[in-house]
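Here are the chains, one letter per residue:
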Amino acid sequence: MVLYMCGIIGCVGNENTLEVLLDGLTALEYRGYDSAGVAVFDNTGKLRMVKDFGRVSKITQEVLEIKSSSCGIGHTRWATHGAVTKENSHPHGSEGLQIVHNGIIENHAHLKKELTDIGYSFKSETDTEVAALLLDYYSKQSESKLEAIGKTVKRLVGSYALGIVFADEPGVIYAVRKDSPLIIGIGEGANYIASDMTALLKYTREHYSLENGDIARITAQDIEIYNTGERITRKKLYADWDRSAAEKGGYPHFMLKEIYESPDAVRSTLRVRIVDMLPDFSADELDEGIFERISRVYIVACGTAMHAGLIGKSRLEAYAKLPASVEIASEFRYNPPMLSSDDLVIVISQSGETADSLAALRLSKQMGAKTLAVVNVVGSSIAKEADFVLYTYAGPEIAVASTKAYSVQSALITLLAVRAGMLRGFIDESFAKTLVCELYIDAPSAIEKMLERADEIKECAEMLCESDDAFFIGRGIDYALACEGSLKLKEISYIHSEAYAAGELKHGTISLITEGVPVIALASVSALYDKMESNIREVASRGAKVILITSDTREYGYTMVRLPEISERVSFLPVACVLQLLAYYTSVMRGCDVDKPRNLAKSVTVE
Ligand code: AGP
């Protein structure tokens, strides 16, 4: 299932439709967005459309100038395809119809060419407009709107929740669902559609949750739902939660919701870059020639993004034999390596606005290096200024502590490393397919398996929550993971925590290991099990409370979280999930503000 990234709202039969749509879009603002729009029938039955980039408030005045309406759809866009512009805002359509969409149409380029060849022209860069004009095409070849919609969605590959209105059918909304959530709100003399109940709680709590393949025809009095051409019924549901809980999708905190979104976030990010189980970055307009020309890679970022860079370093060196170093952006700026055009600087940033990372990007370009951004926010400063950009499709990350962004960043750079290894002649297609399958199929499933065992990790958190100090130890990629586990714990539970290369402990830090000090030991690399075992015994013999996260099947006699069966090449993803949950539960047990920890901001746009 692809993560929802945009917000959809629709209403039919309510005399205050304009206010309902604007209020619903405002309620959906928590999801993060960069533009908004509505398509409504005015009091003469004419279909009107208002949209722009920016906040909902930017279109409010123009919308309210429309003389009343009792039917319409609205949308907040979290950009995935196409820059943040008015033309790319939703709705999209033609004289005959307007569509709002949440999800990703993967075969949009192919369909766009087909439509262009038969005379259609496009105003936007979006995949949504392709779906809208395809529907326009089929609506001229079909007996009914439902038939046209059925023909259209049969051609779409990807994920979509669609809200649709036809100019010649005032008072009717159509809704379609495949992979992206979409609900129908059941009102009194009015009915609604929305991406989630947050937008509708003021008007109704009764609703249907559409399933994949459902196509609904909704009027003020009636809701018809069809699937594979047959009329069906869906169970009537009742939302008994408040708006704040609705925003979190029923989770107690955004952070937990985002940890649970990680498997789909990884799938969403990788799916559009895999063809026949091989890495394919052609849609990213990436000049792959750089991987044959460069001699070194510098990965520059802050905090969790920098830790994802540590994973990226290990994969670029392993698969592409490319020397890579990871630089803290705030240090890089004042102590830059001697960069040249033979160097590639990869800047990783969830927000795309981190001041230190942006400054490091600018300095890299001034010094002549090629720059590649890995960013989660379309149209952000870092995305716009880098020579190349690879967007992650994790959807908005609201919690200050970064979780799903870390997972998608490290997964995406790993996929890039496989591609670079192929280009540099170190990886053949057969091995590449193995690696892609491990990353795209096995790893998200392994994360899901760990999520099912969250209670085990909650028990480990009980061992931590009374402590003032904690240590994370590991070797190789486990040391990189230890750095992230330590940051996660300290930033949301306020426990002083340090990550240490396990072999380094005896050179000083072990003096801090006393009775009851928790040590989280990571051992996901089989070649290092024995070395790690001796490090664990070193700390245990000094009274440490050991929590061992490992893929080793042997018994150690300590509290253990055993990883699911998975290749060591991608076990960093389930390990990261364990560390994120460990930090989350510890923070909750300590009564901390999980989503908004003290002193921290989601995006550090100041130096
Ligand atoms: C991670 O949990 C923190 N919120 C912080 O370290 C964050 O990763 C860092 O500030 C970088 O942010 P960015 O990815 O938006 O650039």
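The preceding data block contains the structure.
Parameters and conventions
- Residues numbered from 1 in each chain as written.
- Predicted model: local features only at pLDDT ≥ 70, side-chain atom pairs only at ≥ 80, totals over all residues.
- Heavy atoms only, no water.
- Helix = DSSP H or I, 4+ residues; strand = E, 2+ residues; numbered from the N terminus.
- Rg over C-alpha atoms; globule rule 2.2 N^0.38 Å.
- Buried < 20%, exposed > 50% of the residue type's maximum accessible area, 1.4 Å probe, protein only.
- Contact = heavy atoms within 4.5 Å.
- Areas by Shrake-Rupley, 256 points an atom, 1.4 Å probe, with all protein chains shown as cover.
- Lys, Arg positive; Asp, Glu negative; His and termini not counted.
- Charge placed at Lys NZ, Arg CZ, Asp CG, Glu CD.
- Near = heavy atom within 4 Å.
- Polar contact = N/O pair within 3.5 Å; in protein donor to acceptor, adjacent residues only side chain to side chain.
- Nonpolar A, V, L, I, M, F, W, Y, C, P; charged D, E, K, R; others polar.
- Pairing = 2+ DSSP bridges.
- Axes fitted to C-alpha atoms, helices over the stretch in contact; angles between N-to-C directions.
- 1 Å grid on protein atoms, 1.4 Å probe; cavity = no way out; pocket = protein on both sides within 12 Å on 5 of 7 lines; lining within 4 Å.
- Points joined across faces, edges and corners; volume = space filled by probe spheres on them.
- Salt bridge = Lys/Arg side-chain N within 4 Å of Asp/Glu carboxyl O.
- Core = buried A, V, L, I, M, F, W, Y, C linked by side-chain atoms within 4.5 Å.
- Right-handed = clockwise from strand over helix to strand, strands pointing away.
- Parallel < 35°, antiparallel > 145°, perpendicular 65-115°, else oblique.
- Left-handed = near helix turned anticlockwise from the far one by under 90°.
- Phe/Tyr/Trp six-rings, centres within 6.5 Å; stacked < 30°, edge-to-face > 60°.
- Lys NZ or Arg CZ within 6 Å of the ring centre and 35° of its normal.

A. Main features of the overall build of the protein. Counting its regular elements, the protein contains 18 helices and 27 strands. For 607 residues, the compact-globule estimate of 2.2 N^0.38 gives 25 Å, and the C-alpha radius of gyration of the protein, at 25 Å, lies within 12% of that figure. C-alpha extents for the protein along the principal axes are approximately 80 × 55 × 45 Å. Every one of the 607 residues in the protein was classed for burial, and the buried ones make up 63%. Considering only contacts within the protein whose residues lie at least 6 apart along the sequence, 72% involve residues at least 24 apart. Accessible surface, the protein as shown: approximately 22,500 Å² in total, 49% of it carbon and sulfur. Once the 64 positive and 83 negative side-chain charges of the protein are each reduced to a mean point, those two points are 1 Å apart.

B. Quick look at the site of the ligand. In the neighbourhood of the ligand, 14 residues make up the surrounding shell, with Ser349, Ser351, Thr354, Val400 and Glu491 lying closest. Lys488 places a polar side-chain atom, nitrogen or oxygen, 3.0 Å from an oxygen atom of the ligand. For the ligand, the protein covers 92% of the area, taking 410 Å² as the surface of the free molecule. Residues belonging to the shell around the ligand are distributed by class as follows: five nonpolar, seven polar and two charged.

C. Summary view of the sheet that holds strand β13 (residues 223–227). In spatial order, the strands read β5-β6-β7-β8-β12-β13-β14; together these seven strands make up an open sheet with antiparallel pairing. In this open sheet, the two strands that pair with only one neighbour each are β5 (92–93) and β14 (230–232). With five bridges joining them, strand β7 (residues 158–166) and strand β8 (residues 173–178) adopt antiparallel strand pairing. By the bridge assignment for β8, Gly163 is matched with Ala175. Most of the contacts of helix α4 (residues 127–139) go to strand β6 (residues 97–105), to which it runs at about 130 degrees, and overall it touches β5, β6 and β7.

D. Structural view of the layout of surface pockets. Approximately 900 Å³ is the volume attributed to the largest pocket. Along the wall of the largest pocket there are 33 residues; nearest its centre are His81, Ala283, Asp284, Glu285 and Tyr393. Residue assignment for the lining of the largest pocket shows that the elements contributing at least two residues are β6, α3 (108–117), β16 (274–275), α12 (381–385) and β22 (388–391).

E. Structural context of the pattern of salt bridges. Applying the stated criterion to the full structure yields 33 salt bridges. Its salt-bridge partner being Lys113, residue Asp117 comes within 2.7 Å of it at the nearest N-O pair. Here Lys113 and Asp117 lie together in helix α3, a separation of four residues that amounts to about one turn. By the burial criterion, Asp117 is exposed, and Lys113 matches it. Among the charged side chains, a salt-bridge network with shared partners connects Asp530, Glu533, Arg537, Asp552 and Arg554.

F. Quick peek at the sheet that holds strand β19 (residues 324–328). Strands sit in the order β19-β18-β20-β21-β22 across an open sheet of five strands; the sheet is parallel. Here the strands that pair on one side only, and so sit at the sheet edges, are β19 and β22. Each strand of the sheet is rotated relative to its neighbour by a mean of 20 degrees, with strand direction disregarded. Bridge count for strand β18 (residues 296–301) against β19 is five bridges, and the pairing is parallel.

G. The arrangement of the nonpolar core in detail. One finds Leu286, Phe291, Val297, Ile346, Leu481, Ile520 and Leu581 to be the most contacted residues of the largest nonpolar core, which totals 125 residues. With near-sequence residues (within four places) excluded, Leu286 lies in contact with Phe281, Phe291, Leu372, Phe388, Leu390 and Leu416. Membership of the second largest hydrophobic core comes to 26 residues, among which are Leu111, Leu115, Ala148 and Tyr174.

H. The pairing of strand β23 (residues 469–474), seen in detail. For β23, the tally of buried residues reaches five of six residues, placing the bulk of the element in the interior. In the classification by handedness, the crossover that spans β23, the intervening helix α16 (residues 477–493) and the parallel strand β24 (residues 496–501) is right-handed. Sheet topology note: the β23/strand β25 (residues 518–523) ladder contains three bridges and is parallel. Looking at the pairing, Ile473 lines up with Ala521 of β25.

I. Structural view of unusual backbone geometry. Across the junction of His90 and Pro91, the peptide omega takes the value 5 degrees, indicating a cis bond. Structurally, the position occupied by Pro91 is in the loop between β4 (71–77) and β5. A positive phi angle, near 75 degrees, is found at Asp179, a position not held by glycine. The class for Asp179 is buried, based on a relative accessible area of 14%. Residue Thr228 is not a glycine yet carries a positive backbone phi of 45 degrees. If you trace the backbone, Thr228 turns up in the loop between β13 and β14. With relative accessibility at 72%, the residue Thr228 sits in the exposed group.

J. The arrangement of the packing of helix α13 (residues 404–423) against helix α18 (residues 572–589) in detail. Relative orientation of the contacting elements α13 and α18 amounts to 165 degrees, with a least axis distance of 10 Å. By the angle between their directions, the pair α13 and α18 is classed as roughly antiparallel. For the crossing formed where α13 meets α18, the hand is right-handed. Side by side, α13 and α18 meet where Tyr406, Ser407, Ser410, Ala411 and Thr414 of the first sit next to Phe572, Leu573, Ala576 and Gln580 of the second. Residues of the contact of α13 with α18, tallied by class, amount to five nonpolar, four polar and no charged.

K. View of the pairing of β7. Of all the nine residues making up β7, nine are buried; the element is thus mostly covered by neighbouring parts of the structure. Judged from the nine bridges that link them, β6 and β7 form a sheet pairing that is antiparallel. Directly across from His101, in β7, lies its bridge partner Leu162.

L. Molecular detail of the packing of aromatic side chains. Under the definition given, this model contains five aromatic pairs. Pairing Tyr251 with Tyr260 gives two aromatic rings, centres 5.4 Å apart and planes at 35 degrees, and the pair type is tilted. Judged by relative accessible area, which is 27%, Tyr260 ranks as partly exposed. Both rings, one in Tyr584 and one in Tyr585, keep their centres 5.2 Å apart while their planes meet at 70 degrees; by these two values the pair is edge-to-face. Relative accessible area serves as the criterion here: at 2%, Tyr584 is assigned to the buried category. For Tyr585, a relative accessible area of 9% translates into the label buried. Lys58 extends its terminal NZ or CZ atom over the ring of Phe53, reaching a point 3.6 Å from the ring centre.

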